[in-house]
Amino acid sequence: MKRTSAQQKFAWGVKHLDALCGEARAFEYGERYVVRKEREVRSPEEVLYDCFAILTEPLPDYWPLLLGDAIQNIRSSLDHAVYTAARGKGRTQFPIFEDPCEFQVKGRKDITAVPASIKAIIEQAQPFNTIPARPSSDALAVLADLSNHDKHRNITPAVSAVEMPAISHSGADVEITYSGFGKW
C-alpha cells in the first residue's frame, strides 16, 4: 500500500534524525574529544570537581542542515495531513499554539475545511492542553519552535551539563551517598 504524502514526509524526517543520531553516537564514542578535569578543595569536607569535554575535531558542518531537514519534514507532515483531511480545500496548516485564545483567533482559520472530528483531535493535541500545564515543553511546541528557528538560521549544536550537587562518604565503612541529579 502506498504511503500518504504526510507519512512519506514523516518517515523522511525520522530517517534524517536516525542518521544524525547514529553519527552523533559515533562521534561521541570515536574519541573525538578529551576530558579535562579540575579539582577545587573548598574545605576538608567539600571538594568541587568540574569535568569538561574538549573537542579534538570540529562537529561536521552539515549536522545543522541534516537536523533542519528532519525538523522541516516532520513539521510538513502535519501540514500534509491537514491538507489531505481538508481535501485540498481552503488555506490549511496544522496550527500549533501554546495559548488557547491565540488558537481560537489564529489557529482555527487554518482548519476551517477540516471535518469536525479531526478539528477536535487537532485542538486536543495543542500544547496548551498539556498536563501538567507546561505548554512550552510539549513536543509540538518544541517542534514549532525548532522549525521557526531553522527557517531563519542554522540550529547550532550545543553541549549540556550534568550537575550532581552532593556526593559524600562518611566513616571508615565508606558509605557513599549522593543527592540530587540536577540540571540537563
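The rules behind each value
- Residues numbered from 1 in each chain as written.
- Predicted model: local features only at pLDDT ≥ 70, side-chain atom pairs only at ≥ 80, totals over all residues.
- Heavy atoms only, no water.
- Pairing = 2+ DSSP bridges.
- Helix = DSSP H or I, 4+ residues; strand = E, 2+ residues; numbered from the N terminus.
- Phe/Tyr/Trp six-rings, centres within 6.5 Å; stacked < 30°, edge-to-face > 60°.
- Buried < 20%, exposed > 50% of the residue type's maximum accessible area, 1.4 Å probe, protein only.
- Expected span 1.5 Å × (residues − 1).
- Contact = heavy atoms within 4.5 Å.
- Salt bridge = Lys/Arg side-chain N within 4 Å of Asp/Glu carboxyl O.
- Axes fitted to C-alpha atoms, helices over the stretch in contact; angles between N-to-C directions.
- Parallel < 35°, antiparallel > 145°, perpendicular 65-115°, else oblique.
- Left-handed = near helix turned anticlockwise from the far one by under 90°.
- Nonpolar A, V, L, I, M, F, W, Y, C, P; charged D, E, K, R; others polar.

Novice: What should I look at first to understand the pairing of strand β1 (residues 33–43) in this one?
Specialist: As a general feature of sheets, a regular strand has side chains that alternate between the two faces. Relative to strand β2 (residues 46–55), β1 is paired through 10 bridges, and the arrangement is antiparallel. Pairing of Glu 40 across the sheet is with Leu 48, part of β2. In sequence, β1 turns back onto β2 through a hairpin of two residues.

Novice: I tried to follow the packing of aromatic side chains on my own but got confused; where do I start?
Specialist: The geometry of two aromatic rings is summed up by the distance between their centres and the angle between their planes. According to the stated counting rule, one finds three aromatic pairs in the structure shown. Between Phe 27 and Trp 63, the aromatic rings sit 5.7 Å apart at their centres with planes inclined by 70°, giving edge-to-face as the arrangement. Of this pair, Phe 27 sits in helix α1 (residues 5–29) while Trp 63 sits in helix α2 (residues 63–85), and the two are 36 residues apart along the sequence. Comparing Phe 27 with Trp 63, the two get one shared label, buried. Relative to Phe 103, the ring of Phe 97 has its centre 6.3 Å away and its plane inclined at 70°; by these criteria the two rings are edge-to-face. Phe 103 shares its class with Phe 97; the two are buried. An aromatic cluster is defined as three or more aromatic residues linked by ring pairs; in this entry it consists of Phe 97, Phe 103 and Phe 128.

Novice: What should I look at first to understand unusual backbone geometry in this one?
Specialist: It is generally the case that most residues other than glycine have a negative phi and that most peptide bonds are trans. Positive phi, close to 55°, is recorded for Arg 87, a residue that is not glycine. You can call Arg 87 exposed: its relative accessible area is 69%.

Novice: Can you help me understand helix α5 (residues 139–152) in this one?
Specialist: Because each turn of an α-helix spans 3.6 residues, side chains separated by three or four positions end up pointing in the same direction. With 14 residues, α5 ought to run about 20 Å at 1.5 Å a step, and its terminal C-alpha atoms sit 20 Å apart, in line with that. When we look at burial in α5, the residues that qualify are Leu 140, Ala 141, Leu 143, Ala 144, Ser 147 and Asp 150. Looking at the buried residues of α5, the elements they touch are α2.

Novice: How should I be thinking about the pattern of salt bridges in this particular structure?
Specialist: Opposite charge on two side chains permits them to pair, given that their charged atoms come into close proximity. Considering all chains together, one arrives at eight salt bridges under this definition. Among the salt bridges present, the one from Arg 32 reaches Glu 57, with a minimum N-O distance of 3.4 Å. With Arg 32 in the loop between α1 and β1 and Glu 57 in the loop between β2 and α2, the pair connects residues that are 25 residues apart, well separated along the chain. When its relative accessible area of 25% is taken as the criterion, Arg 32 is described as partly exposed. Look at Glu 57 and you get partly exposed, because its relative accessible area is 36%. Note that Arg 75 is salt-bridged to Asp 79, the shortest N-O span being 3.0 Å.

Novice: Would you explain α2 in this entry?
Specialist: With 23 residues, α2 extends 33 Å between its outermost C-alpha atoms, agreeing within 8% with the 33 Å of an ideal straight helix rising 1.5 Å per residue. Immediately beyond the C-terminal end of α2, within one or two residues, lies Arg 87, with a positive phi of roughly 55°.

Novice: I tried to follow the packing of α1 against α2 on my own but got confused; where do I start?
Specialist: To describe two helices that pack against each other, one gives the angle between their axes and the distance between the axes. In the contact formed by α1 and α2, the axes pass within 7 Å of each other and the chain directions differ by 155°. The pairing of α1 with α2 is recorded here as roughly antiparallel in orientation. In this structure, α1 meets α2 at a crossing whose hand is left-handed. For the contact of α1 with α2, the class distribution of residues is 15 nonpolar, seven polar and three charged.

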